[in-house]
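# Structural overview for review
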Amino acid sequence: MKRSRSVISRLVAHAAASPSPPPTDASHLDALRLFRRAHRRGAPLAADAFPPLLSACRSFPSLGRQAHALMVKSAADLDPVPATALLDVYSRCGLLRYALDVFDGMPVRDSIAWNAFISCLVRHGLPADAISAFRAMAVDGGSPFTGFTLCSVLKACASMRAVRLGKQIHARVIGDGNDSLVMATALIDFYSGCGMIQEAFDVFNRLNREKDVAIYNALISACFQNRRFKEAFSVLGLVRPNEITLTCALSACSDCLSLSYGKQVHCVMVRHGFDSDTTLCNAIVDMYAKCGELTSGRISFEQIHRKNVVSWTTMISAYGSHGRGVEAWKLFKRMQEEEISGHVSPNAVTFLSVLSACSHSGLVDEGRECLFAMQSKHGIDPGPEHYACFIYLLSGAAMLNACKANMDLKRGEQMARHLLSLDPDNPGSYVLLANFYAACGQWEGAEYLRRMMKDRGLKKEAGNSQLELPVAIEI
DNA sequence: ATAGGGTTAG
């Protein structure tokens, strides 16, 4: 018996969909409150109540578990429609294990269930498993491939560089007469990922329908990924840009160090009022920093309304690569202070950026503190890259000390000069080099450096030795 | 109920 849509389903769907296109955390919360009220009054739980409820759970991952429990109680977990919605919630919340369990427990799997499963594997960086699932889907029968399937598998092919399979899919797409924009965009992205830029252009040019901004963005991004800057900029001129277009353009400006073009993109962004898009703002900060305008980067960073992890990490690594380790460290500290109100926690990349910044400035104690804090305070296990960075930091510090102890003037000078070129405005670097000369008995060199410091108006603050290196190394 | 284009490190 096919019942008409339950009241609870309609109510929740309505709340989740308002304001119309993009559901927000607030509208999801409204939907959840509505559901709870109806549920407490004893409204019957039909299977069709769950998909809209589960959409609302995307903003509150822990509730997905409770919805799952209700589904088991009402046997809705055996129905492929709500089960697929549940799988998708777990997938989007990063709960891979739960998502796989849902798929395993489904007695009936239609194409959409398979598609959601494959998409989940791709999203979690398991392209080989996604391709295996794709083959299993073919064997399974009764659940034919759809355009959704092929789009997800193309993404897996790009990360696996599975050119043969990707081309087979392309052939099938042509055979099916599927010339949708989404499919063409996925194909462009696939060819781009495999370094086949000409094939990407061919897909674009052979498409006989009106193109949208997403497919232009895919082509522009394809050009940049394959370092075809000239073509990228000429394609850019053909489209009315959105936030994503500008983000692509900015990462290219960072790559080819084109400050003048980057500034123009910044102007376009302001003119379009795109300044609330955090991803785009992050790209602006990065562009200024990579093009040498650290101060402009910092100003843009401060202006970001809703800073996320990437905003903070970008600014920290900007300081790091400019040899401003102390500034990077201060910003990292400030990030943790604002964490309480702003809910922005550092991630593994943030810690690597901090470690890297410390290593470029010889901040051994700070680096060590960072490495320990990531485990004990934030529960993130350091990966090999974190240890490698920390070892590099220790060895750099040990090296200069060794040069000093062995009076290895030539090697020590090389290293100290490198330090100076990284950080010419940091008085600590001059003092370090001067002390190194003094330790080696090169008094003229020491005097020369102190004079140079004075001429450049740099003063070393007493008791604030930024680059003091430890005598003994201990971990 | 499922699919396309974007930012951070090394």
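Being a predicted model, the structure only gives us computed values, none of them experimental.

### Observations regarding the UniProt feature "repeat: PPR" (unreviewed entry) in chain A
- Per the UniProt record, the feature "repeat: PPR" (unreviewed entry) sits at residues 110–144, 212–246, 308–342, 347–382 and 426–460.
- Across residues 110–144 one finds 77% helix and 0% strand; the C-alpha atoms that close the span lie 8 Å apart.
- The straight-line gap between the two end C-alpha atoms of residues 212–246 is 15 Å; of that span, 71% is helix and 0% is strand.

### Considering the confidence of the model for chain A
- Counting all residues, the mean pLDDT for chain A is 86, and 79% of those residues have values of 70 or more.
- Low pLDDT, under 50, characterises residues 459–475; the predicted model gives this stretch 33 contacts beyond four residues in sequence or across chains.

### Describing the packing of aromatic side chains
- In the structure shown here, the tally under the stated rule is 13 aromatic pairs.
- Here the aromatic rings of Phe103 and Trp114 are separated by 5.1 Å at their centres, their planes lie at 75 degrees, and the arrangement is edge-to-face. Within this pair, whereas Phe103 is found in helix H6 (residues 96–104), its partner Trp114 is found in helix H7 (residues 111–123), the two being separated by 11 residues in sequence.
- Classification of Phe103 as buried rests on a relative accessible area of 3%.
- For Trp114, a relative accessible area of 5% translates into the label buried.
- Through pairs of rings, three or more aromatic residues link up here, namely Phe224, Phe229, Phe233 and Tyr261.

### As for the protein's contact with DNA strand B
- For DNA strand B, the set of nearby residues contains 46 residues, the closest of which are Asp110, Asn115, Asn217, Asn242 and Ser356.
- Taken together, the sugar and phosphate atoms account for 43% of what DNA strand B places within 4 Å of the protein.
- A distance of 3.0 Å is found between a base nitrogen of DNA strand B and a side-chain nitrogen or oxygen belonging to Thr247.
- Measuring from a sugar or linking oxygen of DNA strand B, one finds a side-chain N or O atom of Thr314 at 3.4 Å.
- Tallying contributions element by element places helix H13 (residues 213–225) first for the surface near DNA strand B, with six residues.
- Of the residues contributing to the surface near DNA strand B, the split by class is 17 nonpolar, 17 polar and 12 charged.

### Side note on helix H8 (residues 127–140)
- Between its terminal C-alpha atoms H8 stretches 20 Å, which fits the 20 Å expected from 14 residues at 1.5 Å a residue.
- By the burial criterion, the buried members of H8 are Pro127, Ala130, Ile131, Ala133, Phe134 and Met137. In an axial view of H8, the angular spread of the buried residues amounts to 155 degrees, which keeps them on one side of the axis.
- Among the structural elements, H7, helix H9 (147–160) and helix H10 (163–176) are those in contact with the buried residues of H8.
- Two residues or fewer after H8 comes Gly141, characterised by a positive phi angle close to 70 degrees.

### A short note on the environment of Arg298
- Among the structural elements, Arg298 can be located in helix H18 (residues 294–303).
- Sequence separation between Arg298 and Asp286 is 12 residues, and the spatial gap between their C-alpha atoms is 9.7 Å.
- If near-sequence neighbours (up to four positions away) are discounted, Arg298 is found in contact with Met315, Tyr319, Leu331 and Arg334.
- One polar contact links Arg298 to Tyr319, side chain to side chain, over a distance of 2.9 Å.

What counts and how
- Residues numbered from 1 in each chain as written.
- Chains lettered and ligands numbered in written order.
- Predicted model: local features only at pLDDT ≥ 70, side-chain atom pairs only at ≥ 80, totals over all residues.
- Heavy atoms only, no water.
- UniProt positions renumbered as here; feature names shortened; annotations may be inferred.
- Helix = DSSP H or I, 4+ residues; strand = E, 2+ residues; numbered from the N terminus.
- pLDDT = per-residue confidence, 0-100.
- Contact = heavy atoms within 4.5 Å.
- Phe/Tyr/Trp six-rings, centres within 6.5 Å; stacked < 30°, edge-to-face > 60°.
- Buried < 20%, exposed > 50% of the residue type's maximum accessible area, 1.4 Å probe, protein only.
- Near = heavy atom within 4 Å.
- Polar contact = N/O pair within 3.5 Å; in protein donor to acceptor, adjacent residues only side chain to side chain.
- Nonpolar A, V, L, I, M, F, W, Y, C, P; charged D, E, K, R; others polar.
- Expected span 1.5 Å × (residues − 1).
- Arc of directions from axis to C-beta.

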